[in-house]
Amino acid sequence: MNILVTGGAGFIGSHTVVALVEAGFEPIIVDDFSNSEKRALSGIERILGRPVKCYEADCNNLETIQNIFRQEQIQGAIHFAAFKAVGESVQNPLKYYENNLVSLITLLKAAHTEGVKNILFSSSATVYGLSEELPATEQTLIPKAMSPYGNTKQISEEILRDVVASGALLRGISLRYFNPIGAHPSAAIGELPLGVPNNLVPYITQTGAGIREKLTVFGGDYDTPDGTCLRDFIHVCDLAEAHVIAMKYLLSLEVDNYYDVFNVGTGVPNSVLEAITAFEEVSGKSLHYEIGARRDGDVPSLYADVSKIKSALGWTAKRSMKEGLADAWRWQQTL
Ligand code: UD1
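Residues numbered from 1 in each chain as written. Predicted model: local features only at pLDDT ≥ 70, side-chain atom pairs only at ≥ 80, totals over all residues. Heavy atoms only, no water.

Draft legend 1. Layout of the site of the ligand. Neighbouring the ligand are 19 residues, the closest being Leu200, Thr216, Arg231, Arg295 and Asp298. A distance of 3.0 Å separates an oxygen atom of the ligand from a polar side-chain atom of Thr126. Take Tyr149: an N or O atom from its side chain is 3.2 Å from an oxygen atom of the ligand. Its free accessible area being 740 Å², the ligand has 86% of it covered by the protein chains. (Near = heavy atom within 4 Å. Polar contact = N/O pair within 3.5 Å; in protein donor to acceptor, adjacent residues only side chain to side chain. Areas by Shrake-Rupley, 256 points an atom, 1.4 Å probe, with all protein chains shown as cover.)

Structural data, given as structure tokens:
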């Protein structure tokens, strides 16, 4: 069964492509490589022992997506293609609103004309913003977004929900990812941040590799056990498997209209300092870091209540933060 994967050459997309093939699906990638690299495709091929079909194309072009849906007899789509840098979205909001919203609207229009009924959307725990309810459940009230990037995730969820509610023959799920880390254990695919990483784990591994001189821990005076922020670090391979399970669920539904949202995390909070210590253990390196000022927009603690995805889809994370850090380090050493 053919599944379209937009952004399939990206970090989470490439791992999901591998998991889809391992589960017996045939993923078809669409990626414009604006924020990903072709080496992801060769990495996927190395893991699977065969290539996966990829269209180098813009997901904002309706005709392109319609043609692929038709030619490839697509049964479902997983929509990863989006920009994701919080700071850049504040500097250039239109770039984010245009790309992230138009690509989803385009996909939904093409799904409508071509009769594709199953859509999985890449959302983010960023939708919980400054909410103080912990762990965050899917019922947690969504506050005003803290960045244009976060707003595109909130609006996209609403678009998908509204289209389903309008009676369109559509079954949709939004997956709210917490903090994805790690890499495929083969080290053939992993995260490829452009320039200086914004996210913690690529910054840690690049510092471990000597590419960055030192890591700055953003804030050591939070009201948390060790004063640094708490996050829910989820291994990218666990996250990839959650997509496969969610797609299987959509395909198994007998109703024509369905929409739901699920947290995808481990439910286990870990601090920034705990991540550093765990990295030092798995890499055998002592990491050069210092405690610096807080970063604007960071929430002190954010971790998931994962009971809904467990009871509805039977999914739970199997891998630990330590395993994620070990895999991320193995990947870093190939770069
Ligand atoms: C961020 C985004 C989130 C996005 C996610 C993608 C914000 C507010 N949120 O989450 O929308 O979906 O990335 O992965 O930007 N840290 C340091 N030093 C660093 C980098 C990070 O101490 O050099 C700390 C941060 O202060 C934070 C934790 O590490 O406490 C995690 O940071 P990061 O990896 O950037 O993820 P989030 O900010 O949680």
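From this point, the narrative continues.
Draft legend 2. Local environment of helix 8 (residues 236-252). For helix 8, spanning 17 residues, the distance from its first C-alpha to its last is 24 Å, which sits close to the expected 24 Å at 1.5 Å a residue. If you check which residues of helix 8 are buried, you get Val236, Cys237, Asp238, Leu239, Ala240, Ala242, His243, Val244, Ala246, Met247 and Leu250. (Helix = DSSP H or I, 4+ residues; strand = E, 2+ residues; numbered from the N terminus. Expected span 1.5 Å × (residues − 1). Buried < 20%, exposed > 50% of the residue type's maximum accessible area, 1.4 Å probe, protein only.)

Draft legend 3. Highlighting the side chain of Ser122. Here Ser122 lies in strand 5 (residues 118-124). Within the structure, the side chain of Ser122 is placed 2.6 Å from the side chain of Tyr177, a separation counted as a polar contact. Discounting chain neighbours no more than four positions away, the residues touching Ser122 are His79, Phe80, Lys153, Leu175 and Tyr177. (Contact = heavy atoms within 4.5 Å.)

Draft legend 4. Just the sheet that holds strand 3 (residues 54-56), in detail. Here 7 strands make up an open sheet; going across it, the order is 3-2-1-4-5-6-11 and the pairing parallel. Every interior strand has two partners, whereas the edge strands, strand 3 and strand 11 (258-264), have only one. Across the sheet, the axes of successive neighbouring strands diverge by a mean angle of 15 degrees, strand direction being ignored. Note: strand 1 (residues 2-6) against strand 4 (residues 74-79), 5 bridges, orientation parallel. (Pairing = 2+ DSSP bridges. Axes fitted to C-alpha atoms, helices over the stretch in contact; angles between N-to-C directions.)

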